[in-house]
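Coordinate inspection notes
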Amino acid sequence: MYNKLLKIEDLELSFKMYEGISYVLKKINLDLNKGEKVALVGESGSGKSVTTKLILGLLNQKNVTKKGKILFNDKNILNLSQNEFKKIRGNNISIIFQDPIAALNPVFKIKDQFYEVNLNHKRMSKKDSFIRACNALEKVSIRDPERILESYPFQLSGGLAQRVVITMAMINKPELLLADEPSTALDVTIQNQALDLMDDLTKETNTAVLLITHNMGVVRKFAEKVYVIYRGVIVEEGTKKQLFNNPGHPYTKALLESIPKLSGDGLPTHNDNPPDYASIPKFTH
Amino acid sequence: MNIFKTKYFYKYSRNPLSVIGLVIVTTVILLALFAPYITPFPEHVGPFTDFYNKSKPPSWEYIFGTDKIGRDIFTRVIFGYRISLTLGVVVLSIAVPIGVAMGLCAGYIGRKTELILMRITDIFLAIPALVLALSIIGLLDRPNLFYTMIAVSMAWWPWYTRLVYNITRSIKTEGYIAAAEIMGASKLHIMFREILPNCLPSLLTKITLDLGFVILVGSSLSFLGLGAQPPTPDLGTMVAKGASFLPDTWWFSLFPGFAILIVVLGFNLVGDGLKDMFDVDV
Amino acid sequence: MIEIKNIAKRFIIKNIVVEALQDINLIIEEKDCFAIVGESGSGKTTLANIMLGIYQQDEGDILFEKKQLHRKRSLYQRKLIQYVQQNPMSTLNPKKTILKTISLPLKIHNIVNKNQINERVKKLLSYVGLDPEFMVRYPDTLSGGQKQRVAIARALASEPRVLILDEPTSALDVIVQSKVLNLLLKIKEEFNLTYIFITHDLSVVRNIANKVIVMNKGKIEESGNTKDVFLNPKSNYTKELIKAIPTVLEKEDALKPK
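This structure is a prediction, so every number in the text was calculated from the model and none was measured. (Residues numbered from 1 in each chain as written. Chains lettered and ligands numbered in written order. Predicted model: local features only at pLDDT ≥ 70, side-chain atom pairs only at ≥ 80, totals over all residues.)

The next subject is the overall build of chain B. In terms of regular secondary structure, chain B is built from 11 helices and zero strands. The helix and strand sequence of chain B, counted from the amino end, reads α-α-α-α-α-α-α-α-α-α-α. Along the longest, intermediate and shortest principal axes, the C-alpha atoms of chain B span 75 × 50 × 30 Å. For chain B, the residues scored as buried account for 45% of the 282 residues in total. (Helix = DSSP H or I, 4+ residues; strand = E, 2+ residues; numbered from the N terminus. Buried ≥ 20, exposed ≤ 12 C-beta atoms within 10 Å, placed from the backbone.)

Take a look at the structure:
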């Protein structure tokens, strides 16, 4: 029990809007062990991205209602104060987003952004921060780290920027790394590089990874355990092998079948009236 | 469709000040529209004198008191609202079409057109509104309401050009504009049927805010002796004429001044409310 | 049907010359589903933009049915070559109803009389699987897939012969993507269209295109029938691209080049 780094229990999330109440997460349960790589797969509107926001304490508007527990190292962090979250963010829990250029502040050089991240670890001078950043970048085989640190985000290519962002996220050796569609904005050949980098770094520090994506191919390459989410409900849970070889829930099957196949047998046909996937009970392997 | 039940009104009414502003503006408009029927002495608006009742302080009969020649100030203030609102509407009816058309052309057609139009706009923007209006009036025969309206319009259109120019430039690169271009839509269609509708929230907000400011500028010009000529009741003129008699007959200037304040405040609050409702930046 | 001869395009950015396209030659025949594949920076979007008349090429010609296709083209040429964009979020004017959006090409190219517009729009919506009630709605109430369907209906409105599709499904979820691709194929058959399909997604290309060219840094790396290129890729770049595809089945892994 105490091995579980992250345990989400019966998490519910709803937004109050003019038109009525929107139930985004309906009692989801999810857990991660230390060092485990877990994927949360779903399409848009499934609620996968708001889950990461809740873990980081980023949804606090007046019209938001949260219920349930998010246990991080056995402590419920769902309703922590912003001050307490600041200690966790960037330190114990890190996040990388889909578009690396958008995630970086365009008016600051890379070295300044590293400085901010380094400060989360402990107070240090800008010079020390530069050295620390340099070392981190060299370790991941980024040549010419000094030049990159002196650059602005728009001067980097997408792939390079993502690798810099991943390095930044891992520099404080967090216990949990949240990755929200980290490779979607990248070219296919660069995607693998970014995922490999994440793999290497997290293995070294035994960091658990929660990967949010809609791309089954990425899941297959990277994850050990998979949760499939549909409209705020987890519909299937299993190891990678179980899920890809024997998908249980109709939604998972639909997802896998929809992907165009390399064999070129043509596109899959579709049921015009699909069942309400959310009402079919969860399939656990 | 009940306008009060729409999502827009819901958003608008989140701020109580906006609702107050709406009440003020509606009241002023109604007062101005029905002025002859609701004021006690509509005949005091024209050439009328009653020296027996001159300079009387506020009373039940003369709510705002009477002026130097015995005219009821309350009636004249309500009729004064007519002049102010007319000024606002006419000025913007001239300034907005000119400004919007120039902004659309400069923003969308670009290159030489943009250069020429925006430099002209810059020239007009560089001169303060009041100074510009004064200069134009000075060039014309004699001051009257009509010339004041023209002069103020000339000072106002550049702001609309700039607003629409900025929005146009940011929308130009959107997918639906490219789709229309590739489809073969004419430049005119794209400017007025594709881009302009997207400018409306900002335009409506700015027009509402400007109604208040135009009234203020118009009153300032009347205060200086330009604008509507006697005996037509004009709020700015009334403040001016009454200023030399302060503080004895304080009601000469205070009520017209207060009337200006209320109407400008009202339009400001409504404009701010619209700004929040549409979520725009003017 | 469309011949592209010796196209070259340069951009000058801050005194550096970028050769976006060099030496592009290809022939698209009627009823082809012609895929142009490449990563970012390959020049595929620049090529599409030249075909659409957004850019003018620096060298070379485009011939459409043996006639020159310039940046300034006739209304007739515009009617015959239509476009579906990548980003469904910005492809529809947020201030116009679906009816107004789809009737625009009908009006510009005089496809039907004024009083027949409503009927025609209903028909077009039905081709793309949307109910007539969508006519009065605004884009902000539609999902990504629905917006893209409207974009396809709009493209069909002018009764074109060629559709240029620039990553039409890349921004969509995988199940929706599959449905929209099926729709595109169905429409192609029904209306005898020629497709020019630009994408970076090789799995999609494998299943819908009969011809493909692979672009890399402004040049054509490889071209040919889809089957041939996938089963026997000649260039190393093509091999790397195919190897990088994130496949989901073990039997698919076996199909990749060694």
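What follows continues from the structure just given.
Backbone geometry follows two general trends: most residues other than glycine have a negative phi, and most peptide bonds adopt the trans configuration. The linkage connecting L246 of chain B with the following residue, P247 of chain B, adopts the cis geometry, with an omega of -10°. Looking at where P247 of chain B falls in the secondary structure, it is placed in the loop between helix 10 (235–243) and helix 11 (251–278). Positive phi values are uncommon outside glycine, yet S141 of chain A reaches one of about 60°. Following the sequence through the fold, S141 of chain A ends up in the loop between helix 5 (126–139) and helix 6 (145–149). Since 9 C-beta atoms lie within 10 Å of it, S141 of chain A is described here as exposed.

Turning our eyes to something else, we now look at the interface of chain B and chain C. Between chain B and chain C, the contact holds 12 residues from the first and 17 residues from the second. Secondary-structure elements contributing two or more residues to the side of chain B that touches chain C are helix 8 (175–183) and helix 9 (187–223) of chain B. The biggest single contributor to the side of chain B that touches chain C is helix 8 of chain B, with six residues. Across the side of chain B that touches chain C, the residue classes break down as seven nonpolar, three polar and two charged. (Contact = placed C-beta atoms within 7 Å. Nonpolar A, V, L, I, M, F, W, Y, C, P; charged D, E, K, R; others polar.)

Residues spaced three or four apart along an α-helix point in a common direction, a consequence of the helix completing one turn every 3.6 residues. Here helix 11 of chain B contains 28 residues, and its C-alpha end-to-end distance of 40 Å stays within 8% of the 40 Å for a straight helix at 1.5 Å per residue. Downstream of helix 11 of chain B by one or two residues, D279 of chain B has phi in the positive range, about 60°. (Expected span 1.5 Å × (residues − 1).)

With that settled, the discussion passes to the interface of chain A and chain C. Of the residues lining the interface, 28 residues belong to chain A; the matching set on chain C comes to 28 residues. Secondary-structure elements contributing two or more residues to the side of chain A that touches chain C are helix 8 (188–205), helix 9 (216–222) and helix 11 (250–258) of chain A. At five residues, helix 9 of chain A tops the list of elements feeding residues into the side of chain A that touches chain C. Partitioning the side of chain A that touches chain C into residue classes produces 12 nonpolar, 11 polar and five charged.

All names here are of chain C. Across the six residues of strand 9 (residues 211–216), six count as buried, placing the element largely inside the fold. Here strand 9 shows a buried face lined by K211, I213 and M215 and a second buried face lined by V212, V214 and N216. Pairing of strand 3 (residues 33–38) with strand 9 involves five bridges; the strand directions are parallel. Along strand 9, the bridge assignment pairs F34 with K211. By the bridge criterion, six bridges tie strand 9 to strand 10 (residues 219–225) in an arrangement that is antiparallel. For N216, the partnering residue across the bridge sits in strand 10 and is K219. If you look at the hairpin formed by strand 9 and strand 10, you'll find two residues sitting between the two strands, and K217 has a positive phi there, around 50°. (Pairing = 2+ DSSP bridges.)

Now for the sheet that holds strand 11 (residues 283–284) of chain A. Residues and elements named next belong to chain A. Within the open sheet, the seven strands sit side by side as 6-7-8-3-9-10-11. Their pairing is mixed. Of all strands in the sheet, those bounded by a partner on one side alone are strand 6 (93–96) and strand 11. Here four bridges tie strand 3 (residues 37–41) to strand 9 (residues 225–230), and the two strands are oriented parallel to one another. Directly across from V38, in strand 9, lies its bridge partner K225. Along the sheet face, helix 1 (residues 48–55) touches strand 3, strand 6, strand 7 (176–180), strand 8 (208–213) and strand 9 and points at about 145° away from the line of strand 7. In this fold helix 7 (residues 158–170) packs onto strand 6 and strand 7, with an angle of close to 175° to the strand it touches most, strand 6. (Axes fitted to C-alpha atoms, helices over the stretch in contact; angles between N-to-C directions.)

Looking now at the sheet that holds strand 2 (residues 20–33) of chain A. All names here are of chain A. The strand order 2-1-4-5 describes an open sheet built from four strands, whose pairing is antiparallel. In this open sheet, the two strands that pair with only one neighbour each are strand 2 and strand 5 (75–76). Judged from the eight bridges that link them, strand 1 (residues 4–17) and strand 4 (residues 64–72) form a sheet pairing that is antiparallel. Counterpart to E12 in the pairing with strand 4 is K67.

In this structure, I164, I196 and F197 of chain C are the most contacted members of the largest nonpolar core, which totals 154 residues. Not counting residues within four places of it along the chain, the set of residues in contact with I164 of chain C comprises A48, M51, L52, I81, Y83 and I196 of chain C. Judged by nonpolar contacts, the second largest core, of 72 residues, contains L92, A95, W157 and M238 of chain B. (Core = buried A, V, L, I, M, F, W, Y, C linked by C-beta atoms within 7 Å.)

The next subject is the environment of F222 of chain A. All names here are of chain A. Mapped onto the secondary structure, F222 falls in helix 9. Look at F222 and you get buried, because 24 C-beta atoms sit within 10 Å. Spatially, the C-alpha atoms of F222 and Q193 are 12 Å apart, while their sequence positions differ by 29 residues. If sequence neighbours within four positions are ignored, F222 has contacts with K37, A39, L195, D199 and L211.

Here we come to helix 4 (residues 110–121) of chain A. For helix 4 of chain A, built from 12 residues, the straight-helix expectation of 16 Å at 1.5 Å per residue is met to within 8% by its first-to-last C-alpha distance of 17 Å. For helix 4 of chain A, the complete set of buried residues consists of I110, Q113, F114, Y115, V117 and N118 of chain A.

With that settled, consider the packing of helix 4 (residues 73–109) of chain B against helix 11 of chain B. Residues and elements named next belong to chain B. Contact pair helix 4 / helix 11: the axes reach a minimum separation of 10 Å and the direction vectors enclose 35°. Helix 4 and helix 11 meet at a crossing whose hand is right-handed. On helix 11, the residues touching I73, V77, G80, Y81 and S84 of helix 4 are W251, F255, P256, A259 and V263. The class makeup of the residues in the contact of helix 4 with helix 11 is eight nonpolar, two polar and no charged. (Left-handed = near helix turned anticlockwise from the far one by under 90°.)

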